[in-house]
Structure formats: structure tokens, C-alpha cells
Amino acid sequence: MTTLSPSPWPNQTDVIDSPLNPPPISNPNPNSTPPHDVIDTPNPNSTISDQITPPNLLHVTFNQDYGCFSSGTDRGFRIYNCDPFRELFRRDFDTGGGIGIVEMLFRCNILALVGGGADPQYPVNKVMIWDDHQSRCIGELTFRSEVRGVRLRRDSIVVVLEKKVLVYNFADLKLLHQVETFENPKGLCEVSQGSGSFVMVCFGLRKGEVRVEHYVTKRTKFILAHDSRIACLKLSQDGVLLATASTKGTLVRIFNTYDGTLLQEVRRGVDRAEIYSLAFSSTAQWLAVSSDKGTVHVFSLKTNSVNEGTDNLDNNSNPKLAVASPVSPLSFIKGVLPKYFNSEWSVAQFRLNEGSQYIVAFGHQKNTVVILGLDGSFYRCKFDPATNGEMTQLEYHNFLKPEEAF
């Protein structure tokens, strides 16, 4: 495991107890697959009651490379593959069963679980490390307050509390670093997944402020991203780019995490909205945004200004062919008319039913997005950046209802 070298060791005031000599955690190799990843038949855990009354969905999120997603329900948790779409496996518990957070580690057997719902399987102030090879928990972290979020890397576990973020070494669950934050009921925090760097972004101590920790270079950067509270944030895979949205929900800002420079600002809309998720494409050429307005937007990013040496154009090495986000026809009067008229708008949109919460990620096939809803909906769509219009729906499933394909 990689050894981190953050600032001096903090005292563990928020930690009640860490596991004493927990069983060794299996090597979390991202290239390994869950033990039931080859299932291509109806899931034996699917019950008659499932078909009559689907479970209540408490949580849904993608894994680190967006090839899978996990869901927590009032009965347990389930793991799915995105392309092709299918349920890989599920674990339903006999007693209790509510799982409020399920965090995968790429496609390996290790997951982080937190109880949730009306009848939680585990206390909501504990992070349980689940080994699906053994079908049991092999370690736990206990806190004095409710766990709001968990993020995993191959070498680290990051736990988000209401006003604190703690970083642990994965191998022995030893506390490496902790930071105080502004109140964070949604558990917003992101970590990079590149092997050569470890970047973490969380709230600062002020409203609208983001704290960026570069653990390899031992540097901390504060960015005042918005005047109002932050509603959503996202890191690119390499940790170079940071996207943020405020509770106003009209603008999304993209920053360079190394120097805090504002690189770009794109407009979702004019009316206030709650931003549910942000997602960078693997090449950081595109940014996707979902909100309570029921529309997923895709924006073109000016990533060449950050890293000229990387392939930011989806195997297209000619930067002149990059698609720019549409701007207002009145943008030439910049500085005279309000900022709205110089806004950059999305190059593609997909309309969803309002009333449900959706998260979005880019698919592994070129110019595709995957959308997950807390109503159990799964969409896979394709966009054409040259047409600046509606996406084409390629696929739809309700992942809470059994299908023969499972």
C-alpha cells in the first residue's frame, strides 16, 4: 500500500474505536472482479416478494471508473454492470437490512457499507468494510456522529462527517489525516484515482470555499468557488480539474486544483435548481450535469488550457476539431450587457421526468452517458456534439425490478 505523508498526526477525537487487529484486507486489485461477476442467469436471491414489492432505494452511486454502480436498499445492497447492463449480485439481509451508503472499490471484492433507512443494518455512525469473498465485514470504523459519505481509493478510505473529513490507510485502517470543514450534511467530498497522485477536495471552513489537499506534494489550496453554499463538486480522474456548483444551480465553474485558477464557467440555466451530480469524461473534454429540473446537460470543456500534452479529444488529436460550447449571439457586447449574455451553454441535453433525483456519468463508449435515478431508472444515451441538441436514448431499464437478463 502507498504510504501518505500529510501534516502531523491529529488526535482521534471523533473516533470512538478503530478495529483492533482486524482481519487482513484482500488486495483490492481494481482489475479483479466480484466473485459473482460471471452471473448471466436469473439471480437466485431474487424472491417472490421482490417481484411484488420492489425494495425502497436509499442510495445509488457509480464505482470509480463508471463501469459499475451500486445501490443500497431497505433490504441490503446490489451491484450492477453498466455496459452491458445487468445485475451482478445482491446481498439481502435477514434482519434489518437498510444500507444508506455502498461504496465500491473499482470491481474488487471490498466495499464500504453504512446503515440507513428506517431499519438500518448497521449503525449510521459506523463504516463497515465488507469482503464479499467472505460475505462478512472484516473491519469497521466508529464515530461520534453520523457518517455522511465515504470515498475509496486503492490505498485510502476517506470518511465524511458533518463537519470533518478523515483519511485512513486502507491496509490497517490507521488514521492519516483529518480536517475541519464547513457543515456538510450531504457528505460532499471527492478523491482522485490516478496512481501517481492523491488529491482530495472537501469543504473549507467558510461558505462557498473548497479545500484541496495534494498529499503527494504536501500542499493545501483553498478556493473560494461561490458566494453561496456549495451544492455539488467533482474531480477529474487525475485530480487536475475541479467542477463546482452552488445552491443557486445556474452556473458550474471549473478550476485548476493546483493553482486555484478559474478556467471556465458554463450555464445550466436561468432559474434556480438543485444540482444533483457533476461528471467529467475520462479525457476531461466533456462535463455532464444533472439537476432537479429533469434535464441532463453535456458541456464542452477547454481542457487544452490545462494540459496541452494529454489527449483531450477522444482519440482526435486535432485541437481545431474540438467543439466549443454554444454562446449567446449577444456575447460580442461583453462588458456592456449582463454576464448572462456571455454564457456558455450545453452542447447536448436529455429530458427526464421531474420529481426524481438522477446522477450521471459518461459511458465507456464514445459520446455516451449513463443516467441513474432514485426511482430505479437506468438510461444509456448518446450525444452528437456537432448537432447541439437532444441526446438519443439507447437503453432503459428499471434496475429494481427483476428481468430475465439478470
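In the block above lies the structure referred to throughout.
A brief structural summary. Predicted model, so just to flag it, every value in this text is computed and none were measured.

## As for the overall build of the chain
Point 1. From N to C terminus, the chain includes one helix and 30 strands.
Point 2. Nonlocal contacts in the chain, meaning residues at least 24 apart in sequence, comprise 47% of its contacts between residues at least 6 apart.
Point 3. In the structure as shown, the chain presents an accessible area of about 17,400 Å², 50% of it carried by carbon and sulfur atoms.

## Describing the side chain of T181
Point 1. Along the polypeptide, T181 turns up in the loop between β13 (175-180) and β14 (190-191).
Point 2. Apart from residues no more than four positions distant in its own chain, T181 is found in contact with E162, K163, K164, V165, C202, F203, G204 and L205.

## Some points on the pattern of salt bridges
Point 1. Inspection of every chain in the model, using the stated rule, returns 16 salt bridges.
Point 2. Close ionic contact of R90 with E87 constitutes a salt bridge, the shortest N to O distance being 2.7 Å.

## Concerning the packing of aromatic side chains
Point 1. The tally for this structure, following the rule as stated, stands at 19 aromatic pairs.
Point 2. Taken together, a centroid distance of 5.9 Å and an interplanar angle of 70° make the contact between F62 and Y66 edge-to-face. Just as F62 is buried, Y66 falls in that class too.
Point 3. If you follow R153 out to its NZ or CZ, it ends over the ring of F198, 4.1 Å from the centre.
Point 4. Its guanidinium or amino end placed over the ring of F106, R154 lies 4.3 Å from that ring's centre, counting from NZ or CZ.

## A few points about the sheet that holds strand β17 (residues 219-224)
Point 1. Pairing in this open sheet of four strands is antiparallel, and the strands run β14-β15-β16-β17 from one edge to the other. The open sheet is flanked by β14 and β17, the only strands paired with a single partner.
Point 2. In terms of strand pairing, β14 meets strand β15 (residues 199-203) through two bridges, oriented antiparallel. Looking at the pairing, V191 lines up with M200 of β15.

## A word on the sheet that holds strand β5 (residues 86-92)
Point 1. With respect to topology, four strands assemble into an open sheet ordered β2-β3-β4-β5, the strand pairing being antiparallel. Two strands lie at the open edges of the sheet, namely β2 (57-62) and β5, each paired on one side alone. Going from strand to strand, the sheet's axes swing by 15° on average, the running direction of each strand aside.

## Digging into the environment of F350
Point 1. Structurally, F350 can be placed in strand β25 (residues 348-351).
Point 2. Here F350 falls in the buried class, since its relative accessible area comes to 7%.
Point 3. Between the alpha carbons of F350 and M391 there is a distance of 5.4 Å; along the sequence they are 41 residues apart.

## Notes on the pairing of strand β16 (residues 209-214)
Point 1. Burial runs high along β16: six of the six residues are buried.
Point 2. Of the two faces of β16, the one carrying E209, R211 and E213 and the one carrying V210, V212 and H214 are both buried.
Point 3. Pairing analysis gives five bridges linking β15 to β16, with the strands arranged antiparallel. Across the sheet, residue M200 finds its bridge partner in β16, namely E213.
Point 4. Between β15 and β16, which follow one another and run antiparallel, lie five residues, and G208 among them has a positive phi close to 80°.
Point 5. The sheet contact formed by β16 and β17 spans six bridges and is antiparallel. Paired with V210 across the strands is I223, a residue of β17.

## Description of the pairing of strand β8 (residues 126-131)
Point 1. Of all six residues that make up β8, five are buried, and the element is covered over most of its length.
Point 2. Of the pairings in the sheet, the one linking strand β7 (residues 110-115) to β8 comprises four bridges and is antiparallel in character. By the bridge assignment, L111 is partnered in β8 with W130.
Point 3. Relative to strand β9 (residues 136-143), β8 runs antiparallel, the two being bridged by six bridges. Opposite D131, over in β9, you have R136 as the bridge partner.

About the criteria used
- Residues numbered from 1 in each chain as written.
- Predicted model: local features only at pLDDT ≥ 70, side-chain atom pairs only at ≥ 80, totals over all residues.
- Heavy atoms only, no water.
- Helix = DSSP H or I, 4+ residues; strand = E, 2+ residues; numbered from the N terminus.
- Contact = heavy atoms within 4.5 Å.
- Areas by Shrake-Rupley, 256 points an atom, 1.4 Å probe, with all protein chains shown as cover.
- Salt bridge = Lys/Arg side-chain N within 4 Å of Asp/Glu carboxyl O.
- Phe/Tyr/Trp six-rings, centres within 6.5 Å; stacked < 30°, edge-to-face > 60°.
- Buried < 20%, exposed > 50% of the residue type's maximum accessible area, 1.4 Å probe, protein only.
- Lys NZ or Arg CZ within 6 Å of the ring centre and 35° of its normal.
- Pairing = 2+ DSSP bridges.
- Axes fitted to C-alpha atoms, helices over the stretch in contact; angles between N-to-C directions.

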